[in-house]
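# Examination of the molecular architecture
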Number of protein chains: 2
Amino acid sequence: MRRPRLQEARCQTCSLSSLCLPLALGTQEMDSFDAIIQRRAPLKKGEALLRQGDPFTSVFAVRSGSLKQITSEGDGEDQLTNFYLPSELVGLDGIDEKHYPGSIIALETTTVCEIPFDRLDQLSEALPELRNQLYRNMSKELRDDRRMLRLLSRKTADERLASFLVNLSTRFRRRGYSPYSFRLSMARADIGNYLGLAVETVSRIIGRFQQHKLVDVQGREVHILDLDALEALAEGDHEH
Amino acid sequence: MRRPRLQEARCQTCSLSSLCLPLALGTQEMDSFDAIIQRRAPLKKGEALLRQGDPFTSVFAVRSGSLKQITSEGDGEDQLTNFYLPSELVGLDGIDEKHYPGSIIALETTTVCEIPFDRLDQLSEALPELRNQLYRNMSKELRDDRRMLRLLSRKTADERLASFLVNLSTRFRRRGYSPYSFRLSMARADIGNYLGLAVETVSRIIGRFQQHKLVDVQGREVHILDLDALEALAEGDHEH
DNA sequence: CGTCTGTTTGAAGGATGTCAATTAGCGTGG
DNA sequence: CCACGCTAATTGACATCCTTCAAACAGACG
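What counts as what
Residues numbered from 1 in each chain as written. Chains lettered and ligands numbered in written order. Predicted model: local features only at pLDDT ≥ 70, side-chain atom pairs only at ≥ 80, totals over all residues. Heavy atoms only, no water. Pairing = 2+ DSSP bridges. Helix = DSSP H or I, 4+ residues; strand = E, 2+ residues; numbered from the N terminus. Axes fitted to C-alpha atoms, helices over the stretch in contact; angles between N-to-C directions. Parallel < 35°, antiparallel > 145°, perpendicular 65-115°, else oblique. Left-handed = near helix turned anticlockwise from the far one by under 90°. Contact = heavy atoms within 4.5 Å. Nonpolar A, V, L, I, M, F, W, Y, C, P; charged D, E, K, R; others polar. Near = heavy atom within 4 Å. Polar contact = N/O pair within 3.5 Å; in protein donor to acceptor, adjacent residues only side chain to side chain. Salt bridge = Lys/Arg side-chain N within 4 Å of Asp/Glu carboxyl O. Buried < 20%, exposed > 50% of the residue type's maximum accessible area, 1.4 Å probe, protein only. Least-squares fit on C-alpha atoms with pLDDT ≥ 70 in both. Buried area = accessible area lost by both parts, 1.4 Å probe. Patch = residues over 30% accessible without salt bridge, like charges linked within 9 Å, V, L, I, M, F, W, Y side chains within 5 Å. Areas by Shrake-Rupley, 256 points an atom, 1.4 Å probe, with all protein chains shown as cover. Lys, Arg positive; Asp, Glu negative; His and termini not counted. Charge placed at Lys NZ, Arg CZ, Asp CG, Glu CD. Domains from an automatic or database assignment.

## Topic: the sheet that holds strand E1 (residues 38–39) of chain B
- If you walk across this open sheet you meet the 4 strands as E1-E8-E3-E6 (chain B), and the pairing is antiparallel. In the strand order of this sheet, the two ends are held by E1 and strand E6 (89–90) of chain B, each with one partner.

Right under this line is the structure:
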């Protein structure tokens, strides 16, 4: 009972399929997978895909745009725990508790594919490659989180910013975009929150990076001028 | 071709089975699961269960004792990314890259059950409950990591220490031990590394906590005197 | 009993946060 | 289309928490 517009959501024709969950699936398997995914209306900037505490039902693959995950706890400030770019999977951290542990907010106009988890789980029984891809996805997220722990506990503000920019650059490259020129979909405040820095610090360091000819930043438009130097900085190679 | 001593490793007779991976399995299913796990010789304090970069083959369930995960990156300092207590699963972050992303070191005499991952994956095909438990486990680890991110980016040193102690207390309670009296198996340096603090800071804050009658600490022996206050502190309820 | 490692304590300095004010950007509505 | 107003971003001055350096102390183990 497919409606025509759902065609657009088919993995076969999706340019992201080589990065996304069905990565390792054959044509036929991909069809079974396709059958369970659902399209959502595009989210506008600032709109919530889901709210912290909502019952866990699905995971979501980002199709276009970008999202942030915000976790509020107690009376304390919110914590921005993740940014999601196209092909990345949202919601895997909700499986355990049956509720999503943070709200997912669109940073710009964003479309996602919804994948009901119970059906995904069922399907993963028959498709070892899909199951494996799921495990891999979660495993990668664990590793990324551990890298983030290191960033927050050992790196200086400069190193954090450099890491952040290099990380974005890498992710854009993998998606076929320029690793040197891109647009930040998030505000400075988001970056600060994510990196554990005050907004003002983010601003100041971006300014310093510009002075040192590492980057050229106009508002949210970023041009990386010296990626090697940024990478070195991100790893803490202090040479001054 | 079981040898007698392997009997000890059977989940059926393991006191941790209600917390561990086979949690939701029936008797018969647990037998299939039992069949794939392997015993390892106990690790001595300081010994490595595995080293960063080792090819990923198995996950491990802690049976007794405790472990830490250490990730070295570049020339920078090591980062302690996790402590593992009995019933917890080690190595899930290695699935993706086929290598373990950090070394796992015993903090005291420690025994583990080895679970070859390919066989676990196979078995999870037939046992939905086992599969689910695996997903849940990874999902929980993701959530824990996100909580840790918040700790490192928003909390003061006092809040971090309080969180750490409360967290340990909770985990001991769940395992049937006293949540008020326990022994730290890790050094102050480990705690500092994990929490993103200098050793000296850890020491000073423990001292301050003692002055305020929150805890009584003698070396590695901890007595929690005011758990409520610690919990409040951990959440950032400043009332000074 | 001595050595090594782990822990505690003190003093000083620095990196980053906070507060405050200004400027820029952007959507909205007249 | 421009003006308005709000939010976002920048910049400066100051405060502070934590680190770093240094040294004494304690505990474990040969």
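## A look at the packing of helix H4 (residues 157–174) of chain B against helix H7 (residues 227–234) of chain B
Residues and elements named next belong to chain B.
- Running from N to C, H4 and H7 point in directions that differ by 125°, and their axes come no closer than 8 Å. The angle between H4 and H7 places the two elements in the oblique class. As H4 runs across H7, the sense of the crossing is left-handed. Packed against H4, whose contacting residues are Asp 158, Glu 159, Ala 162, Ser 163, Leu 165, Val 166, Ser 169 and Arg 173, the element H7 presents Leu 227, Leu 230, Glu 231, Leu 233 and Ala 234 at the interface.
- Among the residues forming the contact of H4 with H7, the class breakdown is 7 nonpolar, 2 polar and 4 charged.

## A look at the protein's contact with DNA strand C
- DNA strand C sits among 15 residues. The nearest are Ala 157, Glu 200 and Thr 201 of chain A together with Ser 203 and Arg 204 of chain B.
- Protein-proximal atoms of DNA strand C, defined as those within 4 Å of the protein, fall in sugar or phosphate at a share of 54%.
- Between DNA strand C and the protein, one listed contact pairs a phosphate oxygen with a side-chain N or O atom of Ser 203 of chain B at 2.4 Å.
- Looking at the surface near DNA strand C, the elements with two or more residues in it are helix H6 (199–211) of chain A together with helix H5 (188–195) and helix H6 (199–211) of chain B.
- Classifying every residue of the surface near DNA strand C by side-chain character gives 5 nonpolar, 4 polar and 6 charged.

## Quick look at the pattern of salt bridges
- Counting across every chain of the model gives 38 salt bridges over all chains.
- The partner of Arg 208 of chain A in a salt bridge is Asp 158 of chain A, and the shortest N-O contact between them spans 2.9 Å. One end of the pair, Arg 208 of chain A, is in helix H6; the other, Asp 158 of chain A, is in helix H4 (residues 157–174), and 50 residues separate them in sequence.
- With its nearest N and O atoms 3.2 Å apart, the salt bridge here joins Glu 88 of chain B to Arg 175 of chain B. Residue Glu 88 of chain B is located in the loop between strand E5 (79–84) and E6, and its partner Arg 175 of chain B is located in the loop between H4 and strand E9 (181–183); the two are separated by 87 residues in the primary sequence.
- The class of Arg 175 of chain B is buried, set by a relative accessible area of 15%.
- Taken together, the salt bridges that share partners define one network made up of Asp 93, Glu 141 and Asp 145 of chain A together with Arg 146 of chain B.

## What to know about the relation of the copies chain B and chain A
- Mapping chain B onto chain A is achieved by rotating through 180° and translating by 0.0 Å along the same axis, at an RMSD of 0.0 Å. Given the turn and translation reported, the copies of this chain are related as if by a two-fold rotation axis. If distances are taken from each C-alpha of chain B to the rotation axis, the shortest is found for Glu 125 of chain B, at 2.5 Å.
- By residue overlap, the copies meet face to face through one surface: 100% of the interface positions of chain B are interface positions in chain A.

## Focus: the protein's contact with DNA strand D
- Within the structure, DNA strand D sits among 15 residues, and Arg 188, Ser 203 and Arg 204 of chain A together with Ala 157 and Thr 201 of chain B are positioned closest to it.
- Between Ala 157 of chain B and DNA strand D, the recorded distance is 2.7 Å, taken from a backbone N or O atom to a phosphate oxygen.
- In the environment of DNA strand D, a base nitrogen lies 3.1 Å from a nitrogen or oxygen atom belonging to the side chain of Glu 200 of chain B.
- Contributions of two or more residues to the surface near DNA strand D are made by helix H5 (188–195) and H6 of chain A together with H6 of chain B.
- Within the surface near DNA strand D, the residues separate by chemical class into 5 nonpolar, 4 polar and 6 charged.

## Considering the interface of chain B and chain A
- Chain B puts 47 residues into the contact, and the matching count from chain A is 47 residues.
- Between chain B and chain A the total buried area reaches about 4,600 Å² when both faces are included, carbon and sulfur atoms providing 50% of it.
- It is Tyr 135, Arg 146 and Arg 150 of chain B that lose the most area in chain B upon contact with chain A, and together they represent 17% of the buried surface on that side.
- Summed over the shared surface of chain B and chain A, the number is 18 salt bridges.
- Note that Asp 96 of chain B and Arg 136 of chain A form a salt bridge whose closest N and O atoms lie 3.5 Å from each other.
- At the boundary of chain B with chain A, the tally comes to 32 residue pairs in polar contact (both at pLDDT 80 or more).
- Among the secondary structure elements, those contributing two or more residues to the side of chain B that touches chain A are E5, helix H2 (117–126) and helix H3 (128–154) of chain B.

## Let's talk about a negative patch on the surface
All names here are of chain A.
- Negative charge collects at one region of the surface, where Asp 226, Asp 228, Glu 231, Glu 235 and Asp 237 lie side by side.
- Tracing the chain through its elements places Asp 228 in helix H7 (residues 227–234).
- Asp 228 sits in the exposed class, given a relative accessible area of 60%.

## Looking at the domain arrangement of chain A
Residues and elements named next belong to chain A.
- Examined at the domain level, chain A breaks down into domain 1 (4–140) and domain 2 (155–234).
- Each of domain 1 and domain 2 has a C-alpha centre, and these two points are 26 Å apart.
- Contacts between domain 1 and domain 2 engage 17 residues on the former and 12 residues on the latter.
- When domain 1 packs against domain 2, the two sides together hide about 1,300 Å² of surface, and 54% of this comes from carbon and sulfur.
- On the domain 1 side of the interface with domain 2, the three residues burying the most area are Leu 80, Phe 83 and Leu 85, jointly 45% of the side's total.
- At the boundary of domain 1 and domain 2, one finds 9 residue pairs in polar contact (both at pLDDT 80 or more).
- Considering every element that reaches the side of domain 1 that touches domain 2, the biggest residue donor is strand E5 (residues 79–84), with 6 residues.
- Of the residues that constitute the side of domain 1 that touches domain 2, the class distribution is 7 nonpolar, 5 polar and 5 charged.

## Focus: H5 of chain A
Residues and elements named next belong to chain A.
- Within H5, 6 of the 8 residues are buried, which leaves it mostly tucked inside the rest of the structure.
- Looking only at H5, the buried set comprises Asp 190, Ile 191, Gly 192, Asn 193, Tyr 194 and Leu 195.
- After H5 finishes, the residue Gly 196 shows a positive phi value of roughly 70°.

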